[in-house]
Every structure is written in C-alpha cells, then in structure tokens.
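Results of the structural survey
Each chain is listed here by its residues.
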Amino acid sequence: MSGEEASPKKATKGESSQRRKKFGDDPNSAVDAQAAVVMQKGFLDDLIDGIQLGLIIIALICIIFIAVFGSSLPKIFPSTAPVYNMVMRVPGAVMNLPQCVVELRQQIPTNLDELMQLSSSVVAHFQESLHTLPYKECVLAFSWATYVWEAKLNVRQRDRLHEVKRPQAIASFISRQVYLEANSYGLDKSSLVLVKDLVNQLQTTFIIVYDLIPMLWYAVGNCAEQYLGLGEEYQITHSVLFFVAATLISTVLSLPFDLYATFVVEKKHGFNKQTWGLFFSDLAKSLGLSMVFGAPIMAAFLWVIGKTGSRFYLYAWALLAVVQLLGILIYPTLIQPLFNKFEPLSAGELREAIESLASRLEFPLKKLYVVDGSKRSSHSNAYVFGLFKSKRIVLYDTLIEQCTTEEIVAVVGHELGHWKKNHIVRMLAIAQLNILFTFFAFSCFIGEQTMYSSFGMHTTPIIIGFIFFQYLYEPLGGLLQFANNLVSRVHEFQADEFSKKLGYGKQLASGLIKLQIENKSSMNPDPLYSAYHFSHPPLVERLNALDNPHVAPKTE
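Description of the structure in this document.

Here is what the cut-offs are and how they apply
- Residues numbered from 1 in each chain as written.
- Predicted model: local features only at pLDDT ≥ 70, side-chain atom pairs only at ≥ 80, totals over all residues.
- Heavy atoms only, no water.
- Helix = DSSP H or I, 4+ residues; strand = E, 2+ residues; numbered from the N terminus.
- Polar contact = N/O pair within 3.5 Å; in protein donor to acceptor, adjacent residues only side chain to side chain.
- Contact = heavy atoms within 4.5 Å.
- Patch = residues over 30% accessible without salt bridge, like charges linked within 9 Å, V, L, I, M, F, W, Y side chains within 5 Å.
- Areas by Shrake-Rupley, 256 points an atom, 1.4 Å probe, with all protein chains shown as cover.
- Salt bridge = Lys/Arg side-chain N within 4 Å of Asp/Glu carboxyl O.
- Lys, Arg positive; Asp, Glu negative; His and termini not counted.
- Charge placed at Lys NZ, Arg CZ, Asp CG, Glu CD.
- Buried < 20%, exposed > 50% of the residue type's maximum accessible area, 1.4 Å probe, protein only.
- Expected span 1.5 Å × (residues − 1).
- Pairing = 2+ DSSP bridges.
- Axes fitted to C-alpha atoms, helices over the stretch in contact; angles between N-to-C directions.
- Phe/Tyr/Trp six-rings, centres within 6.5 Å; stacked < 30°, edge-to-face > 60°.
- Lys NZ or Arg CZ within 6 Å of the ring centre and 35° of its normal.
- Core = buried A, V, L, I, M, F, W, Y, C linked by side-chain atoms within 4.5 Å.

What to know about the side chain of Asp 496
Examined against the element boundaries, Asp 496 turns out to sit in helix α18 (residues 462-518). Within the local environment of Asp 496, its side chain forms a polar contact with the side chain of His 414, the two groups lying 2.7 Å apart. Ignoring sequence-local partners within four residues, the contact set of Asp 496 consists of His 414, Leu 508, Leu 512, Arg 542 and Leu 546.

In structure tokens:
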C-alpha cells in the first residue's frame, strides 16, 4: 500500500453511535455510502412533496376564502362558483344522511315481488340515465381519480424504499447490504413508474379532450376508401386496420420507457442480459404475433357481436373462452419457442427428485424443461403449464444456478400445490366470469348514441364503443383486480402450506429468501401498496405462515 493510500480509520465510539442512529445498523463503511444514496431525496421526491404541500395550501386557501367571503365569494370570483357550490352541499348532505338511511331502509324489499319491482325500477333508472350521462367528463374524472389513487400508493411505497433501517422481522436473514440494494432497485423502478404514469395520464387526457380516437378512426377509414376502395360497409376491415394503426402508435409511445427500463434500470442493477438486437427482435416478433393472431380474433369478435343481437355478450364470451383454450394449447409449442430455447432437464439428482415428487402426487408430467431465462435477465422463476393429462414443468436456468436441489424441489412442490388444489382452474374460472361480466356491462352501453357523440363520433363502430367503455370501466376494473389479488394471495399461502406438508417447509423458506435476494424484490413493502398491486404475499408473511406450528409436515 502506498503512502497516499491510508488505511481506513477506525470509527470512534461516538462516531459509531452516530452512524448507528442514522442508519439503524452496526456501522459498516462499505455500505454507508449506499445507505446515504437510498436516503437521499432527489428532484422527483422534492416535486412530490411540493405537489402535496401545494394541494394542502390550496385547500386551506379555499376554506379561508369561503369563511371570509361566504355567499359573496361566487359574485366576487365567478370562477370559484363550482368549488363553492360543491363545498356548500357537503354540510347539507351530512345533515340529511340519517334521513337518507331511514328512507333507504324503508325501500329494502321484504318479499320476492318487492325485490323484482325494485330491480326493475333500478334497471329502468339506470337505462334512462345512460341517455343523459356526460360521458367525456365522466371518463376524465374516472381516469384522473384512478391515476391519483395509484400515484398516492406509489408515493407511499417510495417512502418505504427510502428507509435504510431493516425491519426487525427480516434482520436475521437479510443483510444490510442486500436490503439497501433491493431498496435502491425499487427506487429506480419507482421513479420510472411515476414519470411513465404521469406521461401516460397526460396522453390519455389529451386523447380524450381533443377526440384523437375518432380522428384516427376516420383517418384510417379515409385511407382505406382512397387506397383500397373500402367504404363504410366494411366496418370489420376498417376496425382491423384501426387496431393495427393504434397498436403501432401505442408501441412507439411506450418504446422510450421500455428502453429505459431495460437498458438503464435493469442493467444498472445487474439484471439485463439483452442486446439491442435481441430487444428489437423480440419487439418485432411481439408485433407480428399481435397482427397474426390479434387481427383474426378481433374480426371474429366483431362479427359475433354484429350477428347475435342484444345477447351478444354470451356468444362473445364463448368465443373468447375458446380462443383462450386454444392459446393455452399452442403457446408452449408454437409461441414460446420463438422467444426462448427449451431443453429437457438433464439426467441427474434434480431431475430424479422432481420426477419422484410428480409420481408421488400422481401429477401427469410429460415434459420437464429448462428455459434460457438468462438470455434476457438474471431474474428467476419456475412454473407448471398445460391442460388435462399433458403437463409440463419449466425451470429457469437462473433458478438452477441460484438454488440447491432441495430448494428447487420445494419451489416445484409449491407449484404442484397450485395444481393439486385446483388453483389454476379456479383462477381461469374467475377470469371467465370477469370477462362475461365485462361483456354484459358493455352490452348496456354499446348502442348509446350519446356516448359516441360526446367523444366526437357521428357513427357507432363497435370497436370504438368498446374503447370508450373501457375508460368508463377502469375504476371498477381496478377494484376487481384488487379482489383477484386477494384470492391469489390465499392461493399462494395454500400452495406454501402444501409444499410444507410434503416435508419441504425449511427448504421452501430458504428458497424464497434466496429468490427474494436474487431478484432484489421489495423487502418491506407498504401494506396498502402491496395489497393493491401484489398477487403474492410479502416475504415476511409467507415465512411467518410457514413457521406456523399448527401446519406440521406429513410424516408419510
């Protein structure tokens, strides 16, 4: 060591105590700098704090103005009339709430005839309201409400990611350095998501306010008529061409964020293995598949709706169910090999252990593959695929590199637990019910001329109506996805329990910890953010469930 390279200076007791108070762990100069980076709040955090403070100040100013000027406020400042009227309705609504509750209780049906009468009244009122609904304003309100809600959740999660003190629940098996690395990765992803969501929301607002969807529809129609000789009677062809144009535009708009996520965020944290050539090759293949499969499916979907009348939702749902079934059948043999290389798992201890477990559970294992996930990323996974008596288990090569044989078998046991307990069938059934409900809801709006005209349409093409309906459906779709996540979490706990009962409780816990570390997943997520976004429970909850003494491994 040269004279200029002084050895690290040993921290005094006071310095150690100060660092421990700041970072929450025993001082370690090798990771203190990283902890400082995680704690540091940059421009995006300052902007978030500024927006939140600004909203609070605006609310206080509104309260002060209303208190000082009272009913004179709208006369002095006419632009404040909508806000003033809305605020003034609140006390009356609160005061009338008990009376409303009493009247509502009086309306509760006590027999079947009253129930049928109430249902008919509600349906009639709903149908009547559809004729006068301010669709564009509702879409903007729903869209921004959803955005603000999800942005608030992202901010809550971001605050968690800025923490450098490990929760006591994970301190025994997650090192300080690993915790900071995971939070640093999460912060970079969070920054991208916040910016991307804001840009997407502004794009959506611009598209809705300036009627860009009708503009694109009629532009595609004019080109089809001018260059292909296709008039208005070729609505299905027109819709397919619109789908192609909209897909290309959407791909171009999202491309900068996809590139940044892959070649900046993922690369920075050691995950990305893709080259530029492979990225654009995958993109071209994905677009090609969207056109090859998406266009005929859309044409069939529109034809079914046009031919089956008011109950089209039943036939459209049946069509999509058949398409999904065919997709499950052809995906592993025709589509997946376009992106990844699948090779049979070589003979050895791991293959014998998995085949033995499958035989023990009477799982109809036909194929046992290793997929080259490391070709694109160092993230790892394993899954079970297939229908009926033709099942396959797929292991990522990264999983084999990161975990021991017993840990991999435990993870496979978890996946087989999903099969044994019919979780896959249940989730497919839930998905089908969700699709059927969505199509039924769309049937209530498909013929509403008011909806089309409010967005600048003077015709009523089905595909455009479905796009407008999806905007209206967005808040309810978010709630249904939240409910779906709750069901999925229950299934994950049950699959973990199944693997434990096979005798792999400790191995599964060890494997889950390794996967959490290797994937740099969030170690201490915000509870509300986790419940809304995650289909899998947080690591600590899963480990606590595995430690449950009431769930003992089977002895056989």
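Once the structure has been displayed, the description carries forward.
Remarks on a negative patch on the surface
A cluster of acidic side chains, namely Asp 46, Asp 49, Asp 159 and Glu 163, defines a negative patch on the protein surface. Tracing the backbone shows Glu 163 in the loop between α7 (135-161) and α8 (176-209). On the basis of relative accessible area, Glu 163 is assigned to the partly exposed category, the value being 31%.

Quick notes on helix α15 (residues 405-420)
Over its 16 residues, α15 runs 22 Å from end to end, which matches the ideal 22 Å to within 8%, given 1.5 Å per residue. When you tally the buried positions in α15, you get 13 out of 16 residues, the bulk of the element. Looking one or two residues past α15, Asn 422 carries a phi angle of roughly 60°, positive in sign.

Considerations on the sheet that holds strand β4 (residues 390-396)
Spatially, β1-β2-β4-β3 is the arrangement adopted by the 4 strands of the open sheet, whose pairing is mixed. Edge positions in the sheet fall to β1 (342-344) and β3 (382-387), since each of these pairs with one other strand and no more. Strand-to-strand twist across the sheet, computed as the mean angle between neighbouring axes with direction ignored, equals 30°. Pairing of strand β2 (residues 365-371) with β4 involves 6 bridges; the strand directions are parallel. Counted as the bridge partner of Val 371 is Tyr 396 from β4. Across the face of the sheet, helix α13 (residues 349-360) comes into contact with β1, β2 and β4 while running at roughly 145° to β2.

Some points on the pattern of salt bridges
This model, assessed by the stated rule, comprises 9 salt bridges. Where Asp 282 meets Arg 376, a salt bridge forms, and the shortest distance between an N and an O atom there is 2.6 Å. Placement of the pair is Asp 282 in helix α11 (residues 276-307) and Arg 376 in the loop between β2 and β3, with a sequence separation of 94 residues. Pair check on accessibility: Asp 282 and Arg 376 agree, each one buried. With a closest N to O distance of 3.1 Å, Glu 343 and Lys 341 form a salt bridge. Assessed through its relative accessible area of 41%, Glu 343 is described here as partly exposed. You can call Lys 341 exposed: its relative accessible area is 51%.

Considerations on the packing of aromatic side chains
By the definition in use, this model includes 28 aromatic pairs. For the ring pair Phe 263 and Trp 276, a centre distance of 4.4 Å and an interplane angle of 5° mean the geometry is stacked. Highlighted residues: Phe 263 in helix α10 (residues 235-268) and Trp 276 in helix α11, separated in sequence by 13 residues. Centroid distance Phe 279 to Phe 280: 5.3 Å. Interplanar angle 85°. Geometry classified as edge-to-face. Under the relative-accessibility criterion, Phe 279 is labelled buried at 10%. One aromatic cluster is present, formed by Tyr 135, Phe 301, Phe 312, Tyr 313, Phe 437, Phe 439, Phe 440, Phe 442, Phe 445, Phe 466, Phe 469 and Tyr 473 through successive ring pairs. Its end group placed over the ring of Phe 339, Lys 285 keeps NZ or CZ at 5.8 Å from the ring centre.

A few points about the nonpolar core
Within the largest apolar cluster, 39 residues are counted, with the highest numbers of intra-cluster contacts made by Ile 354, Leu 357, Ile 393, Leu 395, Val 412 and Leu 416. Elements represented by at least two residues in this core include exactly α8, α13, β2, β3, β4, α15, α18 and α20 (539-546). Among the elements that take part in this core, α18 stands out by supplying 8 residues, more than any other. One finds Tyr 135, Phe 442, Phe 455 and Phe 469 within the second-largest nonpolar core, a separate group that totals 37 residues.

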